[in-house]
Amino acid sequence: MVRAKLLFKPKTIKACIALLAVSLFLVSVQHASAQVKTKTVEGFDGVIAKKYEDSKESWPKSTTPPENAPNVLILLLDDVGFAQVESFGGLIHTPNIDRLAENGLRYNNFHTSALCSPSRASLMAGRYPHSIGLGSHALTAMGFPGYNAIVPETAKSVANYLQEEGYVNYALGKWDHTPLYEVSQVGPFHRWPSGEGFDHAYTFMAADVHQFIPVMWNDHSPEEYRKSEHLDKDLADRAIEWITGHKSLKPNDPFMMLWASGSMHSPHHAPDEYIIRYRGKFDMGWDKARELIIEKQKKLGIIPKDTKLTERIDEIPSWESLSEKEKMLYARQMEVFAGQMEHVDYQIGRIIDALERVGELDNTLIFVTADNGASGEGGLAGTFNETYVLNGLQTDFESNWRNYPDWGRENTYPHYHAGWAMAGNTPFRYFKQSEHRGGQHDALVVHWPNGINANAKGEVRSQYHHIADIAPTILEAATLEVPEKYHGVEQQPMDGVSMIYSFNDNDAPNRKKRQYYEMFGNRAIWVDGWKAVSLHGKRMPWDVNSVTPFEDDEWELYHVAEDFSESTNLATKKPKKLEELVEIFDEEAWKYNVYPLYDDMIKRLAKVNDVLFGDQKEFVYYAPGAVRIAEKASAPVKGRSHEIVTSVDLKGIEEGVIVACGGMTGGYTMFIKNNRLYFDYNYLDGVYYTMESPELPTGETEFKFKFEATKMFGGKGKLYVNGKKVDEVEMPEMHRSTYSLAETFDIGIDTGTQVSKLYQGTFGFKGELDKVMITLTQ
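Residues numbered from 1 in each chain as written. Predicted model: local features only at pLDDT ≥ 70, side-chain atom pairs only at ≥ 80, totals over all residues. Heavy atoms only, no water.

**Student:** When you look at the overall build of the protein chain in this model, what are you seeing that I'm missing?
**Tutor:** Summing up its helical and strand segments, the protein chain has 17 helices and 29 strands in all. On the principal axes, the C-alpha backbone points of the protein chain span a range of 105 × 75 × 50 Å. For the protein chain, the proportion of its 778 residues judged to be buried stands at 60%. Pairs at least 24 apart in sequence give 74% of the contacts found in the protein chain among residues at least 6 apart. (Helix = DSSP H or I, 4+ residues; strand = E, 2+ residues; numbered from the N terminus. Buried < 20%, exposed > 50% of the residue type's maximum accessible area, 1.4 Å probe, protein only. Contact = heavy atoms within 4.5 Å.)

**Student:** I tried to follow the sheet that holds strand β14 (residues 514–519) on my own but got confused; where do I start?
**Tutor:** Remark on secondary structure: sheet strands pair via backbone hydrogen bonds, oriented parallel or antiparallel. Strand order in the open sheet made by the four strands is β14-β15-β16-β17, with antiparallel pairing throughout. What marks the edges here is a single partner per strand, and that holds for β14 and β17 (555–558). Taking the axes of each pair of neighbouring strands and ignoring which way they run, one obtains an average angle of 10° across the sheet. Bridging between strand β15 (residues 522–527) and strand β16 (residues 530–534) involves five bridges; their strand directions are antiparallel. Across the sheet, Val 527 pairs through a bridge with Trp 530, a residue of β16. (Pairing = 2+ DSSP bridges. Axes fitted to C-alpha atoms, helices over the stretch in contact; angles between N-to-C directions.)

**Student:** What am I meant to see in the packing of helix α6 (residues 231–249) against helix α9 (residues 324–357) here?
**Tutor:** Pairs of packed helices are described in terms of their axes, by the angle between the two and the distance that separates them. Interhelical geometry of α6 versus α9 gives an angle of 10° and a closest axis separation of 9 Å. Relative to α9, the element α6 is oriented roughly parallel. Here Asp 232, Lys 233, Ala 236, Asp 237, Ala 239, Ile 240, Ile 243 and Thr 244 of α6 lie close against α9, whose contacting residues are His 343, Val 344, Gln 347, Arg 350, Ile 351, Ala 354, Leu 355 and Arg 357. (Parallel < 35°, antiparallel > 145°, perpendicular 65-115°, else oblique.)

**Student:** What should I look at first to understand unusual backbone geometry in this one?
**Tutor:** Glycine aside, the phi torsion of most residues is negative, and most peptide linkages are trans. Residue Met 264 is bonded to the preceding Ser 263 through a cis peptide linkage, with omega at 20°. By the secondary structure assignment, Met 264 is in the loop between β7 (255–260) and α7 (272–276). Cis peptide bonds are those with omega within 30 degrees of zero, and the linkage from Ala 623 to Pro 624 qualifies with 0°. Summarising the element assignment, Pro 624 is placed in the loop between β18 (618–622) and β19 (629–630). With a phi angle near 55°, Phe 713 is a residue other than glycine that sits in the positive phi range.

**Student:** What exactly am I supposed to notice about the pattern of salt bridges here?
**Tutor:** Between side chains of opposite charge, a pair can form as their charged atoms come close. Within the structure shown, the criterion is met by 45 salt bridges. Of the charged contacts, one joins Asp 176 and Lys 174 as a salt bridge, the two residues approaching to 3.9 Å between their closest N and O atoms. Since its relative accessible area comes to 3%, Asp 176 is described here as buried. In this structure Lys 174 comes out as buried when scored by relative accessible area, which is 2%. Among the salt bridges present, the one from Lys 651 reaches Asp 649, with a minimum N-O distance of 3.3 Å. Judged by its relative accessible area of 53%, Lys 651 is exposed. Relative accessible area serves as the criterion here: at 34%, Asp 649 is assigned to the partly exposed category. Each member of the salt-bridge network shares a partner with another, and the members are Asp 78, Arg 120, Lys 174, Asp 176 and Asp 371. (Salt bridge = Lys/Arg side-chain N within 4 Å of Asp/Glu carboxyl O.)

**Student:** Help me understand the packing of aromatic side chains, please; the structure alone is not making it clear to me.
**Tutor:** Ring pairs (aromatic) are described by centroid distance and by the angle formed between their planes. Taken as a whole and judged by the stated rule, the model has 40 aromatic pairs. Ring centres of Phe 384 and Tyr 388 lie 5.9 Å apart, and the angle between their planes is 65°; this geometry places the pair in the edge-to-face category. On the basis of relative accessible area, Phe 384 is assigned to the buried category, the value being 10%. Look at Tyr 668 and Tyr 739: their rings are 6.0 Å apart centre to centre, the planes differ by 80°, and that puts the pair in the edge-to-face class. Of this pair, Tyr 668 sits in strand β22 (residues 666–673) while Tyr 739 sits in the loop between β27 (724–731) and β28 (744–747); the two residues are 71 residues apart in sequence, bridging distant segments of the chain. Using a relative accessible area of 2% as the deciding quantity, one classes Tyr 668 as buried. A relative accessible area of 3% means that Tyr 739 is categorised as buried. Among the aromatic residues, ring-to-ring pairing joins Tyr 278, Phe 282, Trp 286, Trp 319, Tyr 330, Phe 397, Trp 401, Tyr 404 and Trp 420 into one connected group. (Phe/Tyr/Trp six-rings, centres within 6.5 Å; stacked < 30°, edge-to-face > 60°.)

**Student:** Sorry, what's going on with the confidence of the model for the protein chain here?
**Tutor:** Detailed reading of the predicted coordinates is not advisable wherever pLDDT falls low. Of the residues in the protein chain, 92% reach a pLDDT of 70 or more, and the chain-wide mean stands at 92. Here residues 1–61 is modelled with pLDDT under 50, and outside its nearest four sequence neighbours on either side it reaches 18 contacts, counting other chains as well. (pLDDT = per-residue confidence, 0-100.)

**Student:** Quick question: what am I supposed to make of the pairing of strand β21 (residues 656–663) here?
**Tutor:** The buried fraction of β21 amounts to eight of the eight residues, a majority that puts the element mostly inside the structure. Of the strand pairs in this sheet, β21 and β22 are connected by seven bridges, and their pairing is antiparallel. Across the sheet, Val 657 pairs through a bridge with Phe 671, a residue of β22. Here β21 folds back onto β22 in antiparallel fashion, the turn holding two residues.

Printed below as a string of structure tokens:
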């Protein structure tokens, strides 16, 4: 027994406590030594060293991955059409994706959901979008099972299952199937990467991102404001860091990495040196580009030799009909797009080189694909600010022309003309959102030297597949199956089918027999080489204000087994076949929660806040913690009378942002500058509704902005200091649905890009800021 002999008389309470602590420590050492006498190192160091072998039974069990399990790398691009990768006939230089294709496989009959959010959810879950609540974008969620944007716990992701078996998982880039009202520091995080099986994540939790001023999350924490050379470079840097770190620390454990660039979604941003490479390369226009592409596709064997080029749709003007000024602008739009695409390809090459350097390239199953076809959402002039289309508007040519010199730089948020999207989807018609092949037929490259025979490398595969088939392919490659239960919850089977049967057998018959599609009312069904498809209301993707009866839609019929490009509509020649397919669509629609259909996208965008707030009228936000709150999770002020109020004990030195929501594409901000209070509302094409106070007093001072709605999305703004009106302004046109897809709501700072041109950077508040109160008064 260890005894502590009293060598002095303690004179203070602190001394007594210290003596007691020493005594307890000595007793605990004696007790530990008695319990594990032979399991500690001799001497003092051994007293505190612990090697409790006898207690190993209580340790967390270490999961051993399946033997020879491959790493998995998914390189997911955004809004890239079937014909925009060079090895699929594209006119853009993509040598790194192409070298994967040369040493792997190209799938020319691969399909997606026709939109980003549903495709990405389906990719992860291995189930069809409507069966997991993502029948449309998470931004347009509504309260029906197929569209609520809540992936059920019965459909966990392939990353969850791999994680349980010892994989370490990493997510980088775009993650946009989490409802935006859940994007904040307090979550909930069930539908974040961490909830879907990723151990580490560096992501933007939105549909797009400013590539030079990205709004990013490190796991659950917002990254501080910064400017970037280009986000794709940052994502490649982080991927290389994680891959080399993983190989250094756990060289025998496999990993899965989702690398989801924001390219080529708007905004089309590229370094100048990449844009310059394409000067003059697209002066031939989109009509000639389509002709060049289809000939190249046939030579590459990526499409059948007898494929017909579909006719240019009536909505897209011929290149020759354009003025010289229009040709200049639209060619520049494509030059920027091409520069960005080559730049993202270069970053992909850096990641591939890192895998090769650490000896993991051969044992990594790599997929390269996109989430939908090329996007026509830029409309019939393109746009320097994509927010136009999100609010049901089109950008006029002159507004775009003013931005011609800087197109693709950080002071623009651009999207190209729909004519270039048509070319990017060659030989098909239509665009992203459509369930014709232009919207949902994508390029797919698969690279896995350890799983694809050498004599198969470089070949083209024509088996029919869907993005939901990637997850079961990964599981089969890892020799795993969907568990019956995950953390006690019974799991629903995956809807997708593995593609591995086709890796080394070019002639293997399709294992998929039917495939349904639906997006914003556009519908399609594929069955054994036949396809019925309907373009709801004949709506183009740049028109989000279209609401039409579903019973008026016309169904088309194509024998895609023989008519690769959907060029010949057989609906009138084979009405019974069409009727049969439409009936099958109905069966699949009921099975997978497609019904009910609802097509008012503007209303769905605008009303998504109701899911979170209901009839809540008052909102209080405290500094400094109320930052990086998703716009859709902030007080829903659009189109509603409201007040924004705060009080500050002024010392005469205060300046900076009090509250800001949105960014360069639109939004509002209240701030102090030069001892004056400002309220600035940014509405699209350089229109700012600005209010300014006289010089401010000192002492406790109340600031208030009051908006009185006098019509739908319009009204009058008034600015008050200590209850006295100091300025007012008419606000005749305002945003209908959203200020941006990526920018946030912040107290005491303006993160991301700036709402107002009256200040630079984040313009953080200097002074004592307590809280901001927003009250809906209508």
